[in-house]
Amino acid sequence: MKIKEVMKREVISVKPTDNALDVLNLLFKMQISGLPVIDDQGKLVGMFTEKNVLSFILPSYIEKIGNFIYEEDPKSIKGKFAYLSKMQISQVMRRDVVTAREDSSLCEIAKDMLIRKARRIPVIDETGKVIGIVSRCDILKALSKKAEAAVNA
Amino acid sequence: MLRKFIILIAISLGLGFLTKSIGLSSHQAIAISIFSVSILGTLFFWDFRLSFAFLGVSILLLTKAIDLENLIKFSSLEVILFLVGMMVLVGLLKESGVFAWIVSLILRVRNLSANKFLISVIVFSALLACVVDEVTSIIFLVAAIFEICDYFEVDPVPFLIVSVFATNIGSAGTVMGNPIGILIAAKSGLTFEDFILKAFPLMLVILLALIVIVKFWYRKQLNDLDNKMKKLGANEILIRLISVPPEKSLKIALAIFGTTLLFISLHHRLELLFNLGPNTVLLVVPLVLSGCVMIWKWQRARGYIEKDVEWWTLLFFMLLFAQAGTLKFTGATDVLAKKIAYLTGNNPVFLTGVVLWISTIGSSILDNVVLVAAFIPVIQSFQSINLNLAPLWWALLFGGCLGGNITLVGSTANIVALGILEKEKNVRVTFFRWFWVGLTVGVVTTCIVWAALIFLPFYK
């Protein structure tokens, strides 16, 4: 089975110049954790996720400090949110994005999702244009349906 | 990039031909040429330094400038193993929350005033840098500074700069504060006791000078902080901001590190007692304790070695020491030492000044380990012309640490702190914002060391 058989062709995307806080609110509204960022030519330039925002608002050194508990919220978070409202998503998004081709096999993309910790992967054509998107759920549903069919056969 | 690369090759080849034309042997010229690639490589091609070191050592072996046996001897495996052991112990401390606990101690200072904050930053930075490496030390201090400055809504840059100064100064206080400390101890035979009796008190005097300078330099910023502290009141949120779970492993980690410090401080006595070679116990203690840690936390042992030990840096150090050793092996440093001694008229006072100022100025632009690695064989060569080496070792240690304060790329602590500042606050410190205060601190503190080395017979 190929990715083109399970991917969603209607891709909801945002532009690199969109306001970061507005797009974060869009994620809340849509109840999803991330969206692909596509330029005017339809080419993929990044991925904007809740994780990007979390790593922006929390101090970058927390991982290096080791074992501790935040008993209160640091005052810097308010300032970071204020700053976020003035930023474009291109300043926060992840640029190194895992992508798939429509002819890739399901397991190949499942492997990428696991190894590179991606929840959803944009599908692009030869020119880099986004033609679809596939999530962990889409792949698991297709694989389980295939397995079920094999058991029932 | 290509232009820089061509300049680097041209300088190193030029140096090789120049030294050959003034009478040095081919092997000496090759050793100088290869070592200059390493020095310039750290300056122009930081990310490529290990590749240059690999290639350089290979050329030295293939041209027979050094043989395999001596290459291994000069690579100072004992220093590398000491650093590996210390990195494993620091990894344990970090994982157990010891450093976060130190940050919470700074945040919990009661009735905070600008002066109290400044002095706390300086004292904590210097003392932490005395016992762990400067990069580890600066990360925790920067974390505390940012939280406090965010809370009181003041610019963190002056306090960050002061913390870096104190870190670089503090790293000269003991044998474990800076890789150059252990390198000098291993090559000179100086003990932990020598460092505690001679380097530590001098470091404290320099720290006092730093307090005076920065209190004057940043008087406006300190005034602003005082006003903000009065306006916003007590730091209650900061006091509660973070906590460290009082787990058993925190106490055991502290006990292990305390034991390490105790045995390191007693190493000379133990070596005398058990008739061991100089610095054997000093170099073995971190290995013994980190070995015990890896038995205690055996599931994490691989993680300590793979993640907490900076193999990239240590491999570079090892090959750099081997290249510097080749200078000694070929006799190039003997020639250089004789020339320097001749130029300074064999005058130890003048020579101390030369070593101190060259290492201060050199380490303001170069990695101090590169500089010290180059200087060590030269200083060892002075012994053959019957010069007293003790003040020269101290000059090298303090020059190598204090020079790092002069420019914003002077030491790894500076680069790490400024990197966090840029990422967190989107603030880029300009060269001159750092340079004027750094130059003042660098020159004043080096003058204090110079005076101490010249006038106090204690250092002779």
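From a predicted model like this one, the values you see are computed outputs, not experimental measurements.

A. Region of the structure containing the side chain of Asn414 of chain B. All names here are of chain B. Looking at the element boundaries, Asn414 is found in helix α23 (residues 412-425). Side-chain polar atoms of Asn414 contact the backbone oxygen of Gly404, separated by 2.7 Å. Only 2.9 Å separates the side chain of Asn414 from the backbone oxygen of Thr407, close enough to count as a polar contact. Sequence-distant contacts of Asn414, defined by excluding residues within four places in its chain, comprise Val164, Asn168, Gly404, Thr407, Leu408 and Trp434.

B. Quick look at the confidence of the model for chain B. On average, chain B scores 90 in pLDDT, and the residues at 70 or more come to 100%. Complex prediction metrics read pTM 0.87 and ipTM 0.74.

C. Molecular detail of the environment of Lys64 of chain A. If you trace the backbone, Lys64 of chain A turns up in helix α3 (residues 62-65). Among all residues touching Lys64 of chain A, those that are not within four sequence positions of it are Lys94, Ile139 and Phe140 of chain B.

D. A look at the packing of helix α11 (residues 192-217) of chain B against helix α22 (residues 390-402) of chain B. All names here are of chain B. As a packed pair, α11 and α22 sit with axes 12 Å apart at the nearest point and diverge in direction by 40 degrees. Compared by their axis directions, α11 and α22 come out oblique. Taken as a pair, α11 and α22 cross one another with a handedness that is right-handed. Residues Asp194, Phe195, Lys198, Ala199, Leu202, Met203 and Ile206 of α11 lie in contact with α22, whose contacting residues are Trp394, Leu397, Phe398 and Leu402. Of the residues that constitute the contact of α11 with α22, the class distribution is nine nonpolar, no polar and two charged.

E. Representation of the layout of surface pockets within the structure. In this structure, the largest pocket occupies an estimated 1300 Å³ of space. In terms of lining residues, the largest pocket is bounded by 41 residues, among which Lys51, Asn52, Ser55, Phe56 and Leu58 of chain A are the most central. Where the lining of the largest pocket is concerned, the elements lending two or more residues are β2 (44-49), α2 (50-57), α3 and α4 (76-84) of chain A together with α23 of chain B. Looking at the lining of the largest pocket element by element, the count peaks at five residues for α2 of chain A. Of the residues assigned to the lining of the largest pocket, the class counts are twelve nonpolar, nine polar and 20 charged. In this structure, the second largest pocket occupies an estimated 1100 Å³ of space. If you go around the second largest pocket, you meet 43 residues; those closest to its centre are Asp133, Val135, Glu310, Thr313 and Thr412 of chain B. Residue contributions to the lining of the second largest pocket peak at six residues, all from helix α5 (residues 77-96) of chain B.

F. Region of the structure containing the pattern of salt bridges. All names here are of chain B. Scanning all chains against the criterion turns up 17 salt bridges over all chains. Salt-bridge contacts for Asp150 lead to Lys425; the nearest nitrogen and oxygen are separated by 2.7 Å. In this pair, Asp150 is assigned in helix α8 (residues 134-151) and Lys425 in helix α23, connecting sequence segments 275 residues apart. A residue is classified by how much of its surface remains accessible, and Asp150, at 18% relative accessible area, is buried. With a relative accessible area of 22%, Lys425 lands in the partly exposed category. Its salt-bridge partner being Asp224, residue Lys220 comes within 3.7 Å of it at the nearest N-O pair. Pair noted here: Lys220 and Asp224 are both in helix α12 (residues 219-232), with a separation of four residues, about one helical turn.

G. Up close: the nonpolar core. If you look at the biggest cluster of nonpolar residues, it comprises 164 residues, and the most contacted ones within it are Phe117, Phe382 and Phe398 of chain B. At 13 residues, α8 of chain B tops the list of elements feeding residues into this core. Here Phe382 of chain B is in contact with Ala337, Ile340, Ala341, Leu351, Leu387, Leu389 and Leu392 of chain B, once residues within four sequence places are set aside. Val23, Leu27, Val37 and Met93 of chain A belong to the second-largest nonpolar core, a separate cluster that totals 16 residues.

H. Main features of empty space enclosed by the protein. Per the counting criterion, the structure on display carries four cavities of 30 Å³ or more. In this structure, the largest cavity occupies an estimated 70 Å³ of space. In this structure, the largest cavity is lined by Tyr61, Ile62, Ile65, Phe68 and Tyr70 of chain A together with Val103, Leu107, Ala143, Glu147, Leu241 and Ile242 of chain B. Listing elements by their share of the lining of the largest cavity, those giving two or more residues are α3 of chain A together with α6 (98-107) and α8 of chain B. Of the residues contributing to the lining of the largest cavity, the split by class is ten nonpolar, no polar and one charged. Taken together, Pro74 and Lys75 of chain A together with Glu147, Tyr151, Ile237, Leu238 and Leu241 of chain B make up the full set of residues lining the second largest cavity. Those elements giving two or more residues to the lining of the second largest cavity turn out to be α8 and α13 (236-241) of chain B. Here the element with the most residues in the lining of the second largest cavity is α13 of chain B; it accounts for three residues. Residues that form the lining of the second largest cavity fall into these classes: five nonpolar, no polar and two charged.

I. Up close: helix α7 (residues 114-131) of chain B. The terminal C-alpha atoms of α7 of chain B, which comprises 18 residues, lie 26 Å apart, in line with the 26 Å expected from a rise of 1.5 Å per residue. Within α7 of chain B, the full set of buried residues consists of Ala114, Phe117, Leu118, Ser120, Val121, Ile122, Ser125, Ala126, Leu128, Ala129 and Cys130 of chain B.

J. Representation of the packing of helix α18 (residues 311-330) of chain B against helix α21 (residues 368-382) of chain B. Residues and elements named next belong to chain B. At a minimum axis distance of 9 Å, the contact between α18 and α21 shows a crossing angle of 30 degrees. The pairing of α18 with α21 is recorded here as roughly parallel in orientation. Handedness of the α18/α21 crossing: right-handed. Facing Phe316, Phe317, Leu320, Phe321, Ala324 and Lys328 of α18, the residues of α21 in contact are Val369, Val370, Ala373, Ala374, Pro377, Gln380 and Ser381. Here the contact of α18 with α21 is built from residues that sort into ten nonpolar, two polar and one charged.

K. Representation of helix α1 (residues 20-30) of chain A in the model. All names here are of chain A. Taken together, the buried positions of α1 are occupied by Ala20, Val23, Leu24 and Leu27. The arc enclosing the buried residues of α1, seen along the axis, measures out at 105 degrees, which places them on a common side. Projecting away from the buried face of α1 at angles above 90 degrees are the exposed residues Asp22 and Lys29. On its buried face, α1 sits against β1 (34-38), β2, α2 and α4. Structurally, the start of α1 carries an N-cap: the backbone nitrogen of Leu21 is 2.9 Å from a side-chain oxygen of Asn19.

Procedures and definitions
Residues numbered from 1 in each chain as written. Chains lettered and ligands numbered in written order. Predicted model: local features only at pLDDT ≥ 70, side-chain atom pairs only at ≥ 80, totals over all residues. Heavy atoms only, no water. Helix = DSSP H or I, 4+ residues; strand = E, 2+ residues; numbered from the N terminus. Polar contact = N/O pair within 3.5 Å; in protein donor to acceptor, adjacent residues only side chain to side chain. Contact = heavy atoms within 4.5 Å. pLDDT = per-residue confidence, 0-100. Axes fitted to C-alpha atoms, helices over the stretch in contact; angles between N-to-C directions. Parallel < 35°, antiparallel > 145°, perpendicular 65-115°, else oblique. Left-handed = near helix turned anticlockwise from the far one by under 90°. Nonpolar A, V, L, I, M, F, W, Y, C, P; charged D, E, K, R; others polar. 1 Å grid on protein atoms, 1.4 Å probe; cavity = no way out; pocket = protein on both sides within 12 Å on 5 of 7 lines; lining within 4 Å. Points joined across faces, edges and corners; volume = space filled by probe spheres on them. Salt bridge = Lys/Arg side-chain N within 4 Å of Asp/Glu carboxyl O. Buried < 20%, exposed > 50% of the residue type's maximum accessible area, 1.4 Å probe, protein only. Core = buried A, V, L, I, M, F, W, Y, C linked by side-chain atoms within 4.5 Å. Expected span 1.5 Å × (residues − 1). Arc of directions from axis to C-beta.

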